[in-house]
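A look at the structure
Spelled out, the chains give:
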Amino acid sequence: MTSSSVFSALAPYGWDDAWADEFAPYDAEGLLAGRVVRVDRGQCDVVTADGLLRADTAFVTPHDPLRVVCTGDWVAVEPGGNPRYVRTYLPRRTAFVRSTSSKRSEGQILAANVDHAIVAVSLAVELDLGRIERFLALAWESGAQPVVVLTKADLVPDAVTLAHLVEDVETTAPGVPVLTVSAMDGDGLDVLAAVVSGGTSVLLGQSGAGKSTLANALVGEDVMDVRAARDVDGKGRHTTTTRNLLSLPGGGVLIDTPGLRGVGLYDAESGVGQVFSEIAELAERCRFHDCAHEAEPGCAVLAAVDDGELPERRLDSYRKLIRENQRIVAKTDARVRAELRRDWKRRGAEGKAAMEAKRGRVR
Ligand SMILES: Nc1nc2c(ncn2[C@@H]2O[C@H](COP(=O)(O)OP(=O)(O)OP(=O)(O)O)[C@@H](O)[C@H]2O)c(=O)[nH]1
Ligand SMILES: [Mg+2]
Ligand SMILES: [Zn+2]
């Protein structure tokens, strides 16, 4: 396999010179480069220059949920073997991580190497601005550029109502483009198509938000199952059950994900700061450098709430997310330390296993 044929096969999936450089040592070992398009119980589908391959991920540090192979990862796959193993994944440029439950503070990686994190929000149900802020905090934290897509615009009765809804979301999302689309009548799809035509985008949001419907519209055929949500609060059955990476005909790569009931923060302090950037700006004008914006004299944040310039809901939401994040971080530190110790032991064992596998199975 020449490097130019690898390039032409994988470029539609986002392969570039920097990935090729990163992969060079594995190439020298005879491993295949590929991108993970789906992960399913210890197995993953990897698109390579040899086509779509199934590979086992057991080799890649299975104990740390943040270090498991995930959709969007670039991996080095063994050229043969039964099962065929993923040897490792290349260092991630970005990673979208949430905590699975606020009690256990365990991180779960949802997508890797994503440039645009598209938060799909249905206009068919009442807007939950707090939930949007939460998604955006994780999106900023991931290193990707967040975009909010308000779906099912055809269900909003009139243009004035639609404009108000968009405005509410815009004030909630400084620095974030807010698009409205209707997959039903095609409105706004061209703008979304332009956004996703470069780099890798991930569709995130609640079940029934219309993510897979958008994926199908962007791909131009029905590659993902779409089903009517059984109830409006997203607690019904999830139609999409795995994260799927798709190459788009107009350029760009799209990852469709199963609906998320909740997204807990996971070490997202800077992400939270970016979601509430106007509060940080106001805080620069507080009299005290370490103002907590609770009851301090000369607090510019509280003054802005009094003036109606800053919605009180925003300040409450900011405080809530900051506190939640602090709780998660406090719990994580001890756990992460314990994990790092385990890591050292594991790495030794894995090195040995890799050597044995190479001797026994490959070629
Ligand atoms: N009226 C209207 N309905 C839509 C639109 N887009 C999607 N829907 C409907 O919304 C329902 C859910 O759509 P899906 O695309 O399956 O939602 P999803 O976000 O992928 O859901 P999960 O896979 O469960 O996370 C389906 O019945 C769609 O037909 C739209 O633009 N307008
Ligand atoms: Mg879906
Ligand atoms: Zn203040």
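Up top is the structure.
This report concerns the structure included in the present document. (Residues numbered from 1 in each chain as written. Chains lettered and ligands numbered in written order. Predicted model: local features only at pLDDT ≥ 70, side-chain atom pairs only at ≥ 80, totals over all residues. Heavy atoms only, no water.)

Points about the site of ligand 1
Close to ligand 1 lie 22 residues; Asp-154, Ser-207, Lys-211, Thr-213 and Thr-240 are nearest. Here an oxygen atom of ligand 1 and a side-chain polar atom of Ser-207 are 2.4 Å apart. Within the backbone of Gly-208, an N or O atom sits 2.9 Å from an oxygen atom of ligand 1. The fraction of the free accessible surface of ligand 1 (660 Å²) that becomes covered by protein chains is 88%. For the shell around ligand 1, a count of residues per class yields seven nonpolar, 11 polar and four charged. (Near = heavy atom within 4 Å. Polar contact = N/O pair within 3.5 Å; in protein donor to acceptor, adjacent residues only side chain to side chain. Areas by Shrake-Rupley, 256 points an atom, 1.4 Å probe, with all protein chains shown as cover. Nonpolar A, V, L, I, M, F, W, Y, C, P; charged D, E, K, R; others polar.)

A word on the coordination of the zinc ion (ligand 3)
For the zinc ion (ligand 3), every protein donor is listed as Cys-286 (SG), Cys-291 (SG), His-293 (ND1) and Cys-299 (SG), and the spread of their distances is 2.1 to 2.4 Å. Taken together, the four donor atoms coordinating the zinc ion (ligand 3) and their angles of 105 to 115° define a geometry best described as tetrahedral. The sequence motif formed by the donor residues of the zinc ion (ligand 3) is C-x4-C-x1-H-x5-C. Comparing His-293 with Cys-299 shows no difference in burial state: the two are buried. (Donors = N, O, S within 2.8 Å, 3.2 Å for Na, K, Ca; no water. Tetrahedral: all angles 85-135°; square planar, octahedral: opposite > 155°, others 65-115°. Buried < 20%, exposed > 50% of the residue type's maximum accessible area, 1.4 Å probe, protein only.)

Things to note about the side chain of Thr-48
Looking at the element boundaries, Thr-48 is found in strand S2 (residues 43–48). Given the relative accessible area of 4%, Thr-48 is considered buried. Side-chain polar atoms of Thr-48 contact the backbone nitrogen of Asp-50, separated by 3.0 Å. Only 2.8 Å separates the side chain of Thr-48 from the backbone oxygen of Gly-51, close enough to count as a polar contact. The residues contacting Thr-48, other than those within four sequence positions of it, are Leu-10, Ala-33, Gly-34 and Leu-53. (Helix = DSSP H or I, 4+ residues; strand = E, 2+ residues; numbered from the N terminus. Contact = heavy atoms within 4.5 Å.)

Let's talk about the packing of aromatic side chains
Each aromatic ring pair is described using two quantities: the centre-to-centre distance and the angle formed by the ring planes. Following the criterion strictly, the structure yields six aromatic pairs and no others. Ring geometry for Trp-19 versus Trp-74: centroids 6.1 Å apart, planes at 40°, classification tilted. With Trp-19 in helix H2 (residues 17–28) and Trp-74 in strand S4 (residues 74–77), this residue pair connects regions lying 55 residues apart in the sequence. Here Trp-19 matches Trp-74 in class, with each residue buried. (Phe/Tyr/Trp six-rings, centres within 6.5 Å; stacked < 30°, edge-to-face > 60°.)

As for the sheet that holds strand S9 (residues 145–151)
Within a sheet, neighbouring strands are paired by backbone hydrogen bonds and run either parallel or antiparallel to one another. One open sheet accounts for six strands, arranged S10-S9-S8-S11-S13-S12; its pairing is mixed. Every other strand in the sheet has two partners, leaving strand S10 (178–180) and strand S12 (244–247) as the edge strands with one partner each. Averaged over all pairs of adjacent strands, the angle between their axes in this sheet comes to 25°, without regard to strand direction. One ladder, built from three bridges, connects S9 with S10; its direction is parallel. Counted as the bridge partner of Val-149 is Leu-179 from S10. (Pairing = 2+ DSSP bridges. Axes fitted to C-alpha atoms, helices over the stretch in contact; angles between N-to-C directions.)

Let's talk about the packing of helix H5 (residues 189–196) against helix H6 (residues 211–219)
One can describe the packing of H5 onto H6 by two numbers: an axis separation of 11 Å at closest approach and a directional angle of 80°. One finds that H5 runs roughly perpendicular with respect to H6. Every residue of H6 that contacts H5 at Leu-189, Leu-192, Ala-193 and Val-196 is listed here: Leu-214, Ala-217 and Leu-218. By residue class, the composition of the contact of H5 with H6 is seven nonpolar, no polar and no charged. (Parallel < 35°, antiparallel > 145°, perpendicular 65-115°, else oblique.)

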